[in-house]
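An overview of the molecular structure
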Amino acid sequence: MFKNSVKNTNNNRAETIIGPSVKVNGNFHGDGDIIIEGEVEGNVKTKNTLTVNSGAKIIADVIAKNAKISGSINGNVKIDNCLELEASAKIAGDISCKEISVAKGAIINGHCQMGADKAEEKPSKA
Amino acid sequence: MGTAKWEQTKPKKNRLKPKSMHVYVYDTYVSEKKYAAQIAKIETRITDLGLNGKIIRLGLISSIDQAIISEIKKGAKTIVMVGGVKLLHQGVNALAKIITSETLGQNIPLAFIPVGKDEFGAGQILGLKAGEEACNVLSQRRIKEVGLGKADNNYFLFSAQIATNDTILEIDENYTIKIKKPGLIKVENLKNTLNLLITTKKRNKNSLFPFKNLLLSDSKHPLILDFVVELNLPVKITTAKEKINLIVGSSREF
């Protein structure tokens, strides 16, 4: 209710923050930005940006508009636009995205499909 | 001719009615001697501002809900809670229940005059200072419609919070949250959206979740509504359909 009462030391703009002392189980769907620093098992889906910080552990399929990964993901990752993998990122699963940036040290174990717009993915009537 | 006479007399009757009837509900503790001077100043200021009204002393009535219903039926235009945050919580609940069960109280504003120490900062959140300065806010009549949280059948204005250790939360029947470290779960009533804030000591990093339905279970600790009212678990927290009109100060924190 109150301007000064919610003090997020993590990030002020995120709608959802899963902190390092928290474990989430189930289908986690959101419309806003999500920051994950703890553990998630199930599915993660957001219409905006997903940030997985170093130390975070996700055992789930992930769908987001944009993502910046520093933690580990065990599951398929589908990003509409840009996927950024930091040096500490570990992904065990298939990746689908439009653009990708991979830092030295990042680990990917899976297929990577990129460059396809959503429109191009639709099968033609002809 | 008779009809004309009736039409002429009707406005005279209206003139006899007070323009704005305030009902002041006094907390039990404000009758203590140490608050006598502050109450005297409040009453003087209310008189100066022309906001006199009926005083209800909480110790003498059995049901605050019934008292408020009765006064609204008699024409009360503003309900003013004079005392502590627990009294304000009771007033919020009474008004929200009246809105639900009766076709009354839809636009009746609720005001608060804090008396004594603002221990939980409730007055500050509403932009009020204790005592006579809150009377000025009452006079300015800055009304804000405020959404409420609901914990089972209890409404809350400010927050619901509980100390946690291995507590499990279920949100919107979609996912569960397990908190691995001791800390505090706080549901804050942010305008019309409830936010769940989880604070633990680890690295001083919080968790934040928006939600519509939250089921709290598996904790020995009680849930505390509006800083003062305790509820035992399990409790389901939702956004209430009811909204109330609050008289607030310009320095309010929402």
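Residues numbered from 1 in each chain as written. Chains lettered and ligands numbered in written order. Predicted model: local features only at pLDDT ≥ 70, side-chain atom pairs only at ≥ 80, totals over all residues. Heavy atoms only, no water.

1. Quick look at the overall build of chain B
Broken down by element type, chain B carries six helices and 16 strands. Expressed as a percentage of the 254 residues in chain B, the buried residues total 48%. In chain B, of all internal contacts separated by at least 6 residues, the share reaching a separation of at least 24 is 69%. (Helix = DSSP H or I, 4+ residues; strand = E, 2+ residues; numbered from the N terminus. Buried < 20%, exposed > 50% of the residue type's maximum accessible area, 1.4 Å probe, protein only. Contact = heavy atoms within 4.5 Å.)

2. Concerning the nonpolar core
Core analysis: the biggest nonpolar cluster contains 57 residues, and Y24, I79, M81, L88, L110, I113 and L126 of chain B have the highest contact counts within it. Here this core gets nine residues from one element, more than from any other, and that element is helix α4 (residues 85–101) of chain B. Contact partners of L110 of chain B, with chain neighbours within four places excluded, come to I79, M81, L88, G91, V92, L95, I244, N245, L246 and I247 of chain B. By size, the runner-up hydrophobic cluster in this structure holds 52 residues, among which are A60 of chain A together with A160, I185 and I198 of chain B. (Core = buried A, V, L, I, M, F, W, Y, C linked by side-chain atoms within 4.5 Å.)

3. Points about the pairing of strand β13 (residues 213–217) of chain B
All names here are of chain B. Burial along β13 is one-sided: the face carrying L214 and L216 is buried and the face carrying N213, L215 and S217 is not. Bridge count between strand β8 (residues 168–171) and β13: four bridges; the pairing is antiparallel. Of the residues in β13, the one forming a bridge with I171 is L214. Where β13 meets strand β16 (residues 235–247), four bridges bridge the pair, whose relative direction is antiparallel. Bridging from a neighbouring strand, L215 pairs with K236 of β16. (Pairing = 2+ DSSP bridges.)

4. Thoughts on the confidence of the model for chain B
All names here are of chain B. With 85% of its residues at a pLDDT of 70 or more, chain B has an overall mean of 84. Long-range and interchain partners of residues 1–18, a stretch whose pLDDT sits below 50, account for zero contacts in this model, where long-range means more than four residues apart. This complex was scored by the predictor with a pTM of 0.81 and an ipTM of 0.81. (pLDDT = per-residue confidence, 0-100.)

5. Focus on the pattern of salt bridges
Using the criterion set out here, one finds six salt bridges over all chains in the structure. Residue K23 of chain A is joined to E41 of chain A by a salt bridge in which the shortest nitrogen-to-oxygen separation is 3.4 Å. Here the residue K23 of chain A occupies a position in strand β2 (residues 22–30), and E41 of chain A occupies one in strand β4 (residues 39–46), the gap between them amounting to 18 residues. Take K23 of chain A: its relative accessible area is 21%, and that puts it in the partly exposed class. E39 of chain A is the partner of K180 of chain B in a salt bridge, and the nearest nitrogen-oxygen pair spans 2.8 Å. Of this pair, K180 of chain B sits in the loop between β9 (175–179) and β10 (183–190) while E39 of chain A sits in strand β4, on two different chains. (Salt bridge = Lys/Arg side-chain N within 4 Å of Asp/Glu carboxyl O.)

6. Here's the deal with the layout of surface pockets
Take a probe with the size of a water molecule and roll it over the atoms, and the empty space left behind shows itself. Taken as a whole, the largest pocket holds about 410 Å³ of empty space. E15, H29, G30 and D31 of chain A together with P210 of chain B are the residues nearest the centre of the largest pocket, which is lined by 17 residues in total. Contributions of two or more residues to the lining of the largest pocket are made by β2 of chain A together with β12 (206–211) of chain B. By residue class, the composition of the lining of the largest pocket is five nonpolar, six polar and six charged. If you add up the space inside the second largest pocket, you get close to 310 Å³. Taken together, 20 residues make up the lining of the second largest pocket; nearest its centre are Y29, G83, G84, V85 and K86 of chain B. Within the residue set of the lining of the second largest pocket, elements represented by two or more residues are α4 and β4 (110–114) of chain B. When residues of the lining of the second largest pocket are assigned to their parent elements, the largest contribution, four residues, is made by α4 of chain B. For the lining of the second largest pocket, a count of residues per class yields 10 nonpolar, five polar and five charged. (1 Å grid on protein atoms, 1.4 Å probe; cavity = no way out; pocket = protein on both sides within 12 Å on 5 of 7 lines; lining within 4 Å. Points joined across faces, edges and corners; volume = space filled by probe spheres on them. Nonpolar A, V, L, I, M, F, W, Y, C, P; charged D, E, K, R; others polar.)

7. Remarks on the confidence of the model for chain A
Residue and element names in this part refer to chain A. Summarising the model, chain A shows a mean pLDDT of 85, and 80% of its residues fall at 70 or more. This model gives residues 2–12 a pLDDT under 50, and the stretch forms 29 contacts once residues within four places in sequence are excluded. Across residues 122–126, confidence stays below pLDDT 50; counting only partners more than four residues off in sequence or on other chains, it has zero contacts.

8. Let's talk about the packing of aromatic side chains
By the definition in use, this model includes six aromatic pairs over all chains. Plain terms: the ring middles of F28 of chain A and Y175 of chain B are 4.7 Å apart, the flat faces sit at 65° to each other, and that makes the pair edge-to-face. Remark: Y175 of chain B occurs in strand β9 and F28 of chain A occurs in strand β2; the pair is interchain, linking two chains. Take F28 of chain A and Y175 of chain B: they sit in the same class, and that class is buried. Judged by centre distance (5.1 Å) and plane angle (65°), the ring pair of Y29 of chain B and Y35 of chain B falls under edge-to-face. Exposure remark for Y35 of chain B: the relative accessible area of 15% places this residue in the buried category. (Phe/Tyr/Trp six-rings, centres within 6.5 Å; stacked < 30°, edge-to-face > 60°.)

9. Observations regarding the environment of L83 of chain A
Residue and element names in this part refer to chain A. For L83, the location among the structural elements is in strand β10 (residues 82–85). On a C-alpha basis, the gap between L83 and D61 in space is 15 Å, while along the polypeptide they are 22 residues apart. Not counting residues within four places of it along the chain, the set of residues in contact with L83 comprises A67, I69, I95, C97, E99, I100 and S101.

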